[in-house]
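Spelled out from the first residue to the last, the chains are:
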Amino acid sequence: MSENEETVREIRINPIVPSESVLVATARGMRPRDAEERMDRNAEAHVDRCPFCTGNEEKTPPTILAVPDEKDWQIRIVENLYPVLGDDRSDSGINFGLQQAIEGYGRHEVIIDHSNHGIAIHEMEVSHLQTLFQTYRARMKQLYDSDERLQYVLVFKNFGAAAGASIKHTHSQIIAMPVVPENVYNEIMHSRNYYQKHHQCIFCAMIDEALTFEATIYDRNSGAIRRRIDVGQYVVERGEKFIAIKPFASRYEWEVHILPLQHQSDFINSTDEDMADFASVLKRTMNRLDHVIGGAQYNFFLHSQPHGETCADCPPSYHWHLEICPRTSIPTGFELGSGLFVSTISPEDAAAQLRAVSLD
Ligand SMILES: [Zn+2]
Ligand SMILES: [Zn+2]
Ligand SMILES: [Zn+2]
């Protein structure tokens with residue numbers, strides 16, 4: 001907590017998904033949560049025994065896609081050796097009473113993000129990050145086109161054991177599934193409701209607010225200033241086409257979201273030009289996070305418009321984004337039991353610290 005930071009203790013409702021909330025409690029002496037271990041990143045470029053390193057291609061399942069090509073690949077997509085979802089099985093599930101199940105049909109693939117074993121996202125060239133996200137986009141499109149039962153293709157990255165990564169070589173994953181995952185479904189539902197009421201995309205409204213809104217709240221009796229709100233304080237990084245925001249009600253203390261400034265619901269429709277700017281905003285954001293919480297384990301995941309009937313009316317109301325969620329502390333029983341996440345640093349303070357990092 002920085003010197004002049006006011007103490008905050010309040011429950012904040014996520015404006016996009018009101019059923020999610022966070023308790024922001026920054027008072028000094030507040031018992032801190034157990035810190036999640038920082039990772040000593042193995043910065044080696046090549047590890048002989050690593051199945052994802054060059055020269056060991058025969059140790060992974062066959063290549064699905066290699067960029068630029070199989071011989072000199074920089075990015076490679078392979079089947080996951082232990083998929084959580086797989087191809088059709090002939091024995092279809094039996095539903096009985098309250099026990100309903102959907103066939104675990106889908107695809108689970110691994111994207112080797114870089115031929116360099118230990119390189120971090122913020123160390124990758126902007127052009128490489130651009131190609132990486134264009135590769136995600138290409139594979140998402142292929143998967144949606146390959147089977148109309150697939151309603152959602154989730155792209156995510158786990159960095160560090162606490163974030164679920166079991167192989168050290170930098171990689172991300174793609175899971176294509178026949179249902180819309182709950183987190184995305186909740187965003188879809190609430191943004192649709194907001195659109196029906198206000199004829200505007202709630203994500204666009206949030207971005208507008210972040211870029212323009214300032215307010216002062218006075219005490220009604222004494223006239224003293226109770227609180228000054230400068231919503232611009234949530235902006236962490238800005239490009240020509242993308243913005244990185246620290247959400248006002250973040251579940252994770254250092255959570256940052258990157259969104260296109262212009263409304264766009266489906267990541268698949270982004271252009272190469274969009275991806276160039278996105279890559280530079282991502283690199284700068286990851287660089288800021290590395291300066292402030294270096295070595296923190298994290299997940300990032302893409303939230304984009306699902307395909308199929310559930311979302312036929314979503315294009316005007318949904319807005320794709322990347323959520324970056326560093327795991328700096330271990331959730332407590334209170335959090336798991338209540339669903340109310342606790343943040344011991346205020347999102348305003350976290351954003352200020354990230355903005356204060358001087359890059360280049
Ligand atoms: Zn490796
Ligand atoms: Zn929008
Ligand atoms: Zn989201």
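Residues numbered from 1 in each chain as written. Chains lettered and ligands numbered in written order. Predicted model: local features only at pLDDT ≥ 70, side-chain atom pairs only at ≥ 80, totals over all residues. Heavy atoms only, no water.

Undergrad: Would you mind going over the environment of Arg139 with me for this structure?
TA: Its place among the elements puts Arg139 in helix 1 (residues 126–146). Considering only alpha carbons, one finds Arg139 and His46, 93 residues apart in sequence, at a separation of 26 Å. Apart from residues lying up to four places away in sequence, Arg139 is in contact with Ile64, Ile77, Arg107, Glu109 and Ile174. (Helix = DSSP H or I, 4+ residues; strand = E, 2+ residues; numbered from the N terminus. Contact = heavy atoms within 4.5 Å.)

Undergrad: Can you walk me through the packing of aromatic side chains in this structure?
TA: How two aromatic rings sit relative to each other is set out by the distance from centre to centre and by the angle between their planes. Summed over all chains, the structure comprises twelve aromatic pairs. For the pair Phe267 and Trp320, a centre-to-centre distance of 4.9 Å together with 80° between the ring planes defines the contact as edge-to-face. Highlighted residues: Phe267 in the loop between strand 12 (256–260) and helix 4 (272–293) and Trp320 in the loop between strand 13 (297–303) and strand 14 (321–327), separated in sequence by 53 residues. Residue Trp320 is classed as buried on the basis of its relative accessible area, which comes to 0%. Over the ring of Trp73 we find Arg76; its NZ or CZ atom is 5.2 Å from the centre of that ring. (Phe/Tyr/Trp six-rings, centres within 6.5 Å; stacked < 30°, edge-to-face > 60°. Buried < 20%, exposed > 50% of the residue type's maximum accessible area, 1.4 Å probe, protein only. Lys NZ or Arg CZ within 6 Å of the ring centre and 35° of its normal.)

Undergrad: Mind showing me how you'd approach the coordination of the zinc ion (ligand 3) here?
TA: Within the first shell, the zinc ion (ligand 3) binds the protein through Glu187 (OE), Glu187 (OE), His303 (ND1), His321 (NE2) and Glu323 (OE), at distances of 2.0 to 2.8 Å. Between the donor residues of the zinc ion (ligand 3), the gaps in sequence give the motif E-x115-H-x17-H-x1-E. Taken as a pair, His303 in strand 13 and His321 in strand 14 lie far apart in primary sequence, 18 residues in all. (Donors = N, O, S within 2.8 Å, 3.2 Å for Na, K, Ca; no water.)

Undergrad: I would appreciate a short explanation of the sheet that holds strand 14 in the present structure.
TA: Where strands meet in a sheet, backbone hydrogen bonds hold them as pairs that are either parallel or antiparallel. Strand order in the open sheet formed by ten strands is 3-4-5-7-6-13-14-12-11-10, with antiparallel pairing between adjacent strands. On the outer flanks of this sheet lie strand 3 (63–67) and strand 10 (235–238), each paired with one strand and no other. The sheet shows a mean angle of 20° between the axes of neighbouring strands, taken without regard to direction. When strand 4 (residues 75–79) meets strand 5 (residues 107–112), the two strands line up antiparallel, connected through four bridges. Opposite Glu79, over in strand 5, you have Glu109 as the bridge partner. (Pairing = 2+ DSSP bridges. Axes fitted to C-alpha atoms, helices over the stretch in contact; angles between N-to-C directions.)

Undergrad: How should I be thinking about the coordination of the zinc ion (ligand 1) in this particular structure?
TA: Reference values for coordination geometry: four tetrahedral donors around a metal ideally subtend 109.5 degrees, six octahedral donors ideally subtend 90 or 180 degrees. Protein coordination of the zinc ion (ligand 1) is provided by Cys50 (SG), Cys53 (SG), His117 (ND1) and His169 (ND1), with donor distances spanning 2.0 to 2.3 Å. Classification of the site at the zinc ion (ligand 1) as tetrahedral follows from its four donor atoms and the range of 106 to 117° in their angles at the metal. Donor residues for the zinc ion (ligand 1), ordered by position in the chain, follow C-x2-C-x63-H-x51-H. With Cys53 in the loop between strand 2 (21–25) and strand 3 and His169 in the loop between strand 6 (152–159) and strand 7 (171–177), this residue pair connects regions lying 116 residues apart in the sequence. Taken as a pair, Cys53 and His169 share a single burial class, namely buried. (Tetrahedral: all angles 85-135°; square planar, octahedral: opposite > 155°, others 65-115°.)

Undergrad: Teacher, can you tell me more about the nonpolar core here?
TA: Side chains that are nonpolar tend, in soluble globular proteins, to be buried together. Phe133, Tyr136, Ile258, Phe278, Leu282 and Leu322 are the most contacted members of the largest nonpolar core, which has 82 residues in total. Of the residues forming this core, the biggest block, eight residues, is contributed by helix 4. Excluding residues within four positions of it along the chain, Leu282 makes contact with Ile121, Leu129, Phe133, Ile258, Leu322 and Ile324. Core analysis: the second largest hydrophobic core is formed by nine residues, Val47, Cys50, Ala66 and Trp73 among them. (Core = buried A, V, L, I, M, F, W, Y, C linked by side-chain atoms within 4.5 Å.)

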